[in-house]
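# Understanding the architecture of this molecule
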Number of protein chains: 2
Amino acid sequence: MAQTPSRSVTISAIAAEAGVSAPTVSRVLNGRGDVAPETRERIENLLRARGYRRRGSRAAGERVGLIDLVFNDLDSPWAVEIIRGVEDAAHDMGSSVAVSAVHRRASSTRQWLANVRSRASDGAVLVTTGLGSDLRSELEELHIPVVVIDPVGLPDLAVPTVGCTNWAGGLSATSHLIDLGHRRIGFVTGRPELWCSRARLDGYRAGLETAGLDLDPDLVVPGNFDYESGFRAGEQLFGLAEPPTAVFAASDQMALGVYEALRQRGLRIPDDVSVVGFDDLPQARWSSPPLTTVRQPLDDMGRLAVRTLRRLRDNEEIESPRVELATELIVRDSTAPPPAAAGD
Amino acid sequence: MAQTPSRSVTISAIAAEAGVSAPTVSRVLNGRGDVAPETRERIENLLRARGYRRRGSRAAGERVGLIDLVFNDLDSPWAVEIIRGVEDAAHDMGSSVAVSAVHRRASSTRQWLANVRSRASDGAVLVTTGLGSDLRSELEELHIPVVVIDPVGLPDLAVPTVGCTNWAGGLSATSHLIDLGHRRIGFVTGRPELWCSRARLDGYRAGLETAGLDLDPDLVVPGNFDYESGFRAGEQLFGLAEPPTAVFAASDQMALGVYEALRQRGLRIPDDVSVVGFDDLPQARWSSPPLTTVRQPLDDMGRLAVRTLRRLRDNEEIESPRVELATELIVRDSTAPPPAAAGD
């Protein structure tokens with residue numbers, strides 16, 4: 001053999017040459033802070049000089065320094081919120097985040113698995129509304145821990161999931177409108193097959209019931225979370241003989257669709273109609289008027305998913321396979337008492 | 001035949017043999033045009049003959065399957081647009097994308113470099129407004145090809161960059177408003193130290209000049225690309241004794257800030273005032289009314305960056321170290337003839 005390929009350079013060889021222990025070299029490789037600066041520099045110089053590379057020479061249990069984050073699609077407006085939280089927590093562990101989109105296609109999922117198999121991964125955070133059991137068992141086989149971030153609510157997965165309190169969020173939005181004096185409150189649903197949609201709808205129902213108000217079925221209009229469905233729902237609600245004085249939409253995007261339906265009818269927010277959304281995406285803050293909405297802590301959900309992965313990796317026990325973070329009502333300028341309430 | 005391990009061939013060895021400096025070899029490796037043709041040919045022949053391989057690519061079939069995508073921060077609303085394009089093109093190559101945020105902090109950048117050193121990378125796409133020369137030289141040392149996506153315009157980097165035609169975009173937005181009959185057109189600038197801001201402002205100037213209109217300095221108001229600065233600019237413009245009938249803001253976020261300033265003054269868009277933005281983020285489509293804006297093809301810029309990385313890796317020549325993709329005016333509902341124009 002002409003020359004030693006650099007991949008045969010081991011951590012122990014580097015450690016011996018640097019006069020430190022192998023774990024110290026690992027700490028430097030993992031970007032941890034608890035190594036004296038001059039030692040770090042000496043080790044880093046050696047790693048460079050000897051051309052150390054981890055791939056292919058990874059010992060069992062050694063970290064790759066890479067966490068996978070998998071979306072169905074990257075066009076959901078909340079994707080970047082989750083990426084930010086996952087990246088932040090991974091950064092604290094000295095890991096990078098590999099972001100993939102599988103587009104609900106089996107071929108893309110297969111390719112992602114092939115990638116993971118060849119380059120290895122410390123764990124996978126899946127953001128999904130339809131995690132296949134095939135994928136789950138493949139990852140199990142590769143001994144890659146999995147956590148599902150689940151902003152839409154799938155309570156029955158066989159893996160740890162992180163979600164938010166959808167029902168409580170629906171209740172707080174509805175109660176806020178009732179407290180302002182609204183009695184006819186429209187609701188635009190999310191995709192009916194998703195648990196989070198049902199939970200938000202049930203929160204709306206509970207809010208009405210608590211206030212002794214009857215639910216008028218005409219005021220509950222189906223949507224699918226996206227802008228266009230919100231616009232159509234707004235047209236339907238304000239085409240009613242007795243339209244609502246407020247609308248609670250189960251996503252910010254649908255709330256913005258309602259905004260546009262109202263604008264086209266010459267109705268002002270909040271003077272004529274109040275609107276509440278759900279998510280608290282950045283565009284809620286930048287809408288005109290700024291949107292009152294239920295905050296779903298997507299970045300914190302990302303952080304928690306990574307911390308859960310780390311505990312799974314370290315064989316620590318996790319308290320619950322399903323954790324729901326609290327939602328919070330953020331009151332901005334799109335809600336006010338109804339016009340008629342002044343004379344009540 | 002025993003193959004010479006390519007990694008032992010260094011840039012300095014090639015430079016010595018070719019009788020040039022190491023930076024000249026790097027320039028050839030980075031596909032830059034400023035090397036004399038015969039020198040380039042001599043160096044390319046040597047790189048081939050000595051079996052030089054970029055570290056990220058090594059030999060055929062030895063790819064890591066990982067492309068790094070580095071942001072300063074993940075809170076810019078256009079981050080996900082770029083991630084989508086980069087992920088898409090990387091997927092076509094069978095690669096994953098490692099997304100990192102370095103938060104303009106040296107410690108985060110160091111950690112990212114430590115990660116890259118330990119897990120390797122096929123190349124790095126940097127999205128940045130301030131790429132340090134330290135980072136550049138470190139990556140060069142690791143033989144990791146680099147492309148900079150540069151939505152804000154840094155024309156003088158020593159690495160290939162991908163941008164968009166900011167000047168032409170500024171011109172098309174301004175001409176659109178003039179064609180509608182506007183004569184007093186406000187402009188909200190981006191951060192003045194960035195080239196893209198100057199290019200958009202100069203496009204605005206060129207649009208006015210072409211139509212024989214004088215630039216009124218009162219109508220050019222400084223902003224910094226974010227929502228709040230747009231709101232303040234809107235307040236300033238519509239506090240003028242002779243306010244404009246249209247506003248062109250150098251980012252969508254600032255345009256949405258202008259929306260809110262107009263709403264608070266009871267002015268309607270587009271009936272009273274027309275507004276144009278720049279970027280075409282998703283929220284431009286979801287604003288009320290939907291925003292006329294200049295589309296910056298961020299996802300295509302991401303795709304092109306990855307394709308350029310692949311060509312660098314394969315030692316193919318690239319046509320130009322700087323490529324600007326075309327911007328496009330997207331006309332929606334926020335622009336109309338000025339109120340006075342009816343009587344013109």
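Being a predicted model, the structure only gives us computed values, none of them experimental.

A count of helices and strands for chain A gives twelve helices and twelve strands. Sequence separation of at least 24 residues holds for 72% of the intrachain contacts in chain A that already meet a minimum separation of 6. Total accessible area on chain A is roughly 14,200 Å²; 49% of this is exposed by carbon and sulfur atoms.

This part covers the pairing of strand β4 (residues 146-149) of chain B. All names here are of chain B. Burial of the side chains of β4 extends over both faces: Val146 and Val148 are buried on one face and Val147 and Ile149 on the other. Both strand β3 (residues 123-127) and β4 contribute to a ladder of four bridges, which runs parallel. When the bridges of β4 are listed, Leu126 appears paired with Val148. Sheet analysis places β4 next to strand β5 (residues 161-164), joined by two bridges and oriented parallel. Note on β5: the bridge partner recorded for Val148 is Thr161.

Residue and element names in this part refer to chain A. Under the definition given, this model contains four aromatic pairs over all chains. Ring geometry for Phe187 and Tyr204: centres 4.8 Å apart, planes at 20°, overall stacked. Of this pair, Phe187 sits in strand β6 (residues 185-188) while Tyr204 sits in helix α8 (residues 195-210), placing them 17 residues apart in sequence. The pair Phe187 / Tyr204 is uniform in exposure class, with both members buried. One aromatic cluster is present, formed by Phe187, Tyr204 and Phe248 through successive ring pairs. Taking the ring centre of Trp195 as reference, the NZ or CZ of Arg198 above it sits at 4.7 Å.

The next subject is the environment of A:Thr335. Residues and elements named next belong to chain A. In this fold, Thr335 is placed in the segment after β12 (328-330). Residue class for Thr335 comes out buried when judged on its relative accessible area of 11%. In sequence terms Thr335 and His176 are 159 residues apart; their C-alpha atoms lie 8.8 Å from each other. Excluding residues within four positions of it along the chain, Thr335 makes contact with His176, Leu177, Leu180, Pro270, Ser274, Val275, Val276 and Thr292. In terms of polar contacts, Thr335 uses its side chain to reach the side chain of His176, at 3.0 Å. Side-chain polar atoms of Thr335 contact the side chain of Thr292, separated by 2.9 Å.

Let us look at the packing of helix α4 (residues 79-92) of chain A against helix α12 (residues 298-313) of chain A. Residue and element names in this part refer to chain A. Relative orientation of the contacting elements α4 and α12 amounts to 40°, with a least axis distance of 7 Å. Relative to α12, α4 is oriented oblique. Along this stretch, α4 crosses α12, giving a crossing that reads as right-handed. When α4 is examined against α12, the residues Glu81, Ile82, Arg84, Gly85, Val86, Asp88, Ala89 and Ala90 are found in contact with a partner set consisting of Leu298, Asp299, Gly302, Arg303 and Val306. By residue class, the composition of the contact of α4 with α12 is six nonpolar, two polar and five charged.

Quoted interface sizes are often the accessible area lost when the parts come together. Taken residue by residue, the interface counts 54 residues in chain B and 53 residues in chain A. On the chain B side of the contact with chain A, B:Gln111, B:Ser118 and B:Trp286 bury the most area, a combined 15% of that side's loss. At the junction of chain B with chain A, the criterion picks out 17 residue pairs in polar contact (both at pLDDT 80 or more). Broken down by element, the residue count for the side of chain B that touches chain A peaks at seven residues, all from helix α5 (residues 106-119) of chain B. Here the side of chain B that touches chain A is built from residues that sort into 22 nonpolar, 16 polar and 16 charged. Sheet analysis places strand β2 (residues 96-101) of chain A next to strand β2 (residues 96-101) of chain B, joined by three bridges and oriented antiparallel. Among the inter-strand pairings, A:Val97 is bridged to a residue of β2(B), identified as B:Val99.

Further remarks concern the environment of A:Arg119. Position of A:Arg119 among the secondary structure elements: in helix α5 (residues 106-119). The exposure class assigned to A:Arg119 is buried, which follows from its relative accessible area of 6%. Distance in space between the C-alpha atoms of A:Arg119 and A:Val64 is 8.4 Å, their sequence separation being 55 residues. Excluding residues within four positions of it along the chain, A:Arg119 makes contact with A:Val64, A:Leu66, A:Asp68, A:Ala98, A:Trp112, B:Val64, B:Gly65, B:Leu66 and B:Ser96.

On the basis of which strands lie adjacent, the open sheet formed by twelve strands has the order β11(A)-β5(A)-β4(A)-β3(A)-β1(A)-β2(A)-β2(B)-β1(B)-β3(B)-β4(B)-β5(B)-β11(B) and mixed pairing. Lying at the two open borders of the sheet, with one neighbouring strand each, are β11 (322-325) of chain A together with β11 (322-325) of chain B. Within the sheet, the average angular offset between the axes of one strand and its neighbour, ignoring direction, is 25°. Each of β1 (66-71), β2, β3 (124-127) and β4 (146-149) of chain A together with β2 of chain B is contacted by α4(A), which is oriented at about 170° to β1(A), the strand it contacts most.

It is worth spelling out the pairing of β3(A) at this point. Residues and elements named next belong to chain A. In β3, alternate side chains face the same way, and those of Ala124 and Leu126 on one face and Val125 and Val127 on the other are all buried. Pairing of β1 with β3, which is carried by four bridges, proceeds in the parallel orientation. The partner of Phe71 across the bridge, within β3, is Val127. Here β3 pairs with β4 via four bridges, running parallel. Looking at the pairing, Val127 lines up with Ile149 of β4.

Procedures and definitions
- Residues take numbers from 1 onward in each chain, read along the sequence in its written order.
- Going through the entries in the order they are written, you letter the chains from A and number the ligands from 1.
- For this predicted model, a pLDDT threshold of at least 70 governs which residues receive local features, and a threshold of 80 or more governs which side-chain atom pairs are given and counted, while totals over whole chains, interfaces and linings are taken from all residues.
- For the side-chain quantities, the full set of heavy atoms in the structure was used; hydrogens and water were omitted.
- Here a strand is any run of E in DSSP of at least two residues, a helix any run of H or I of at least four, and the numbering for each starts at the N terminus.
- Working rule for contacts: check all heavy atoms of both residues, and any pair within 4.5 Å makes them a contact.
- Per-residue accessibility takes into account occlusion by the displayed protein chains alone, with areas from the Shrake-Rupley method and a 1.4 Å probe.
- Only protein chains enter the accessibility calculation, which uses a 1.4 Å probe; a residue whose area is less than 20% of its type maximum is buried, one above 50% is exposed, and one in between is partly exposed.
- In this scheme, strands are said to pair when DSSP sees at least two bridges between them.
- Aromatic contacts are taken between Phe, Tyr and Trp rings whose centres are within 6.5 Å, Trp giving its six-membered ring; a plane angle under 30 degrees counts as stacked, one over 60 as edge-to-face, and the others as tilted.
- Charge over a ring is defined by NZ of Lys or CZ of Arg lying within 6 Å of the ring centre and within 35 degrees of the ring normal.
- Whenever a nitrogen or oxygen atom comes within 3.5 Å of another N or O atom, the pair is scored as a polar contact, on the condition that within protein one atom can donate a hydrogen and the other can accept it, and that pairs from neighbouring residues in sequence are kept only if both atoms are in side chains.
- Angular values range over 0 to 180 degrees, each being the angle between N-to-C directions of two axes fitted as lines to C-alpha atoms, with helices fitted over their stretch in contact.
- Any angle from 65 to 115 degrees is called roughly perpendicular, while one under 35 is roughly parallel, one over 145 is roughly antiparallel, and all others are oblique.
- In this scheme the handedness of a crossing depends on how the near helix is turned from the far one: anticlockwise by less than a right angle means left-handed, clockwise means right-handed.
- Side-chain classes follow a simple rule in which Ala, Val, Leu, Ile, Met, Phe, Trp, Tyr, Cys and Pro form the nonpolar group, Asp, Glu, Lys and Arg form the charged group, and the remainder, Gly included, forms the polar group.
- Buried area is a sum: the accessible area each of two parts loses on coming together, probed at 1.4 Å, counted once for each and added.

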